[in-house]
Amino acid sequence: MIKALGASAAALAALGLAACSNGEAEDAGASSGAASSDADVVRYDQNPFPSTYAPFESGVTLLRGATVFDGVGGRFEDTDILVEDGRIAAIGQGLEAPEGASVVDAAGRFVTPGVIDIHSHLGVYPSPSVNAHQDGNEITSPVTAEVWAEHGIWPQDPGFDTALAGGVTTLHVLPGSANLFGGRGVTLRNVPSRTVQGMKFPEAPYTLKMACGENPKRVYGNRGVAPGSRMGNVAGYREAWQRAVEYRRGWRNYWEDAEAGEDVNPPTRNFELDTLMGVLDGEILVQMHCYRADEMAQIMDMADEFGYRVTTFHHAVEAYKIPDLLAEHGACAAVWADWGGFKMEAYDSIPENLAITHAGGACAMIHSDSDLGIQRLNQEVAKALSDGRRMGLDITDAEAMAWLTSRPAQALGIAEQTGSIEEGKRADLVIWSGHPFSSYSLADQVFIDGALMYDRADPERRTIRDFMLGQPGEGDY
């Protein structure tokens, strides 16, 4: 499976695989695709592919003397961070190193939370980019809420390693945007694993990928089937949501009658509508590809019509036009720094988008949608921040750090666990060689749950995927 160079790297891989094996054994009995019967009431397991992630082995580590951005607006000079049991145990100045602790001299360097990318296709469009690896779009029907990105992810994608070298500790992998409903997304820990389950972020909510605008109407309109226009897009969403409302009503009626002792038959299970029902019940988060402000406004009206909420609009190049509406709806906007103009619905993009949306009171963040962009999200934020300041917006570096840490954690429903440097949270940390918004700075060391997963000074620690063994550039990242 996963090979590594050198003894220390081999030990790292062995630790991880052993941990995954343990997790798989523990959780195997919890997964079942069959219906369960509780007092003759039929219920289905809604999580038949549970996370088997187990943190890599970590010791006690003290990071000493760094400039710390906590990811929620704070900047602290000459600060120590103590990591124990994979968690942030203490933050302050002059902390004592417990006996046996590893002490890292971070003086002159910067520490931030691990970077989180809310929009990635690593694994479903892995490297090398060839047709045989195209598993991110189920382009056979405009409504494919029944497919799950995790069933197309290849854990051997070398892109996970290059993202790690850019400080990415957590990423959210989505289906593509060909369909109105593209399927479920999944949140991953950026660790080597034999299986996708071994990477799944424990207890992270599932998400549903939806898409606005040109993509679905182009894909299906060119085939002479609906949707062929934006009118058709909305009609397709509403028809599907109405079926989901009726499906949920059917199950609720069944459960109520069955629990009352009546002899009733359950509805026929429908995997597509299971996902949409999960959204209506608030258990699955909507992540929607949508460029134009007017379309986002209509989508939020539709969400109100059916009683759900859009968690995040992705590629929202016109979010700057409607920060008040986004804030009112409780929706976030995930954007690029300066990528736009490549199609008509991206025409009115501006580089100040992220800064204006943030300053307007909405939840805003950076995203990559790219196996290359994910490697330097810190620089993307630096560009967006610079553009905002150039137009006069007063945004601090510490505020902007949230755009690649705590804001995506919030939008993925994992902010209680990661995305900021606070006592008790997972020790997902990056030590940068200099200010993280400098184009000259690199991630020196990356910790996930307190375990050192990347060290720029130690090439032997780097994971080498099977596919890269013997290839030019092996381990060169």
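As a starting point, this report considers the structure included with it.

Looking at the environment of Y53
Part 1 of the reasoning: Looking at the element boundaries, Y53 is found in the loop between β3 (41-44) and β4 (61-69).
Part 2 of the reasoning: In sequence terms Y53 and R189 are 136 residues apart; their C-alpha atoms lie 8.1 Å from each other.
Part 3 of the reasoning: Ignoring sequence-local partners within four residues, the contact set of Y53 consists of R189, V191, Q197, G198, K200, P202, R426, I448 and D449.
Part 4 of the reasoning: Among the polar contacts listed, one links the side chain of Y53 to the side chain of D449, at a separation of 2.4 Å.

Things to note about the environment of R292
Part 1 of the reasoning: Checked against the element boundaries, R292 lands in the loop between β13 (285-289) and α6 (293-306).
Part 2 of the reasoning: We classify R292 as partly exposed; its relative accessible area is 25%.
Part 3 of the reasoning: Taking the C-alpha atoms as reference, R292 lies 9.3 Å from S349; in sequence the two are 57 residues apart.
Part 4 of the reasoning: Leaving out residues up to four positions away in the same chain, R292 has contacts with R230, E318 and E345.
Part 5 of the reasoning: Polar side-chain contacts of R292 include one of 2.8 Å to the side chain of D294.

Topic: the pattern of salt bridges
Part 1 of the reasoning: On inspection of all chains with the given rule, the structure shows 27 salt bridges.
Part 2 of the reasoning: Among the salt bridges present, the one from R189 reaches D449, with a minimum N-O distance of 3.2 Å. Of this pair, R189 sits in strand β11 (residues 181-189) while D449 sits in the loop between β18 (443-448) and β19 (451-455); the two residues are 260 residues apart in sequence, bridging distant segments of the chain.
Part 3 of the reasoning: Residues D294 and R292 are paired through a salt bridge, measuring 2.8 Å at the closest nitrogen-oxygen approach.

Conventions used here
Position labels on residues start from 1 in each chain and follow its written sequence. The predicted nature of this model means local features are confined to residues of pLDDT at least 70 and side-chain atom pairs, given and counted, to a pLDDT of 80 or more, with totals for whole chains, interfaces and linings taken over all residues. For the side-chain quantities, the full set of heavy atoms in the structure was used; hydrogens and water were omitted. Numbering of helices and strands runs from the N terminus, with a helix taken as a DSSP run of H or I at least four residues long and a strand as a DSSP run of E at least two residues long. The criterion used for residue contact is that any of the two residues' heavy atoms lie within 4.5 Å. Two N or O atoms count as a polar contact when they lie within 3.5 Å, although within protein this holds only if one can serve as hydrogen donor and the other as acceptor, and sequence-adjacent residues are included solely when both atoms are side-chain atoms. The buried label goes to any residue with under 20% of its type's maximum accessible area, the exposed label to any with over 50%, and the partly exposed label to all in between, with areas taken from a 1.4 Å probe on protein chains only. Every case where a carboxyl oxygen of Asp or Glu lies within 4 Å of a side-chain nitrogen of Lys or Arg is listed as a salt bridge.

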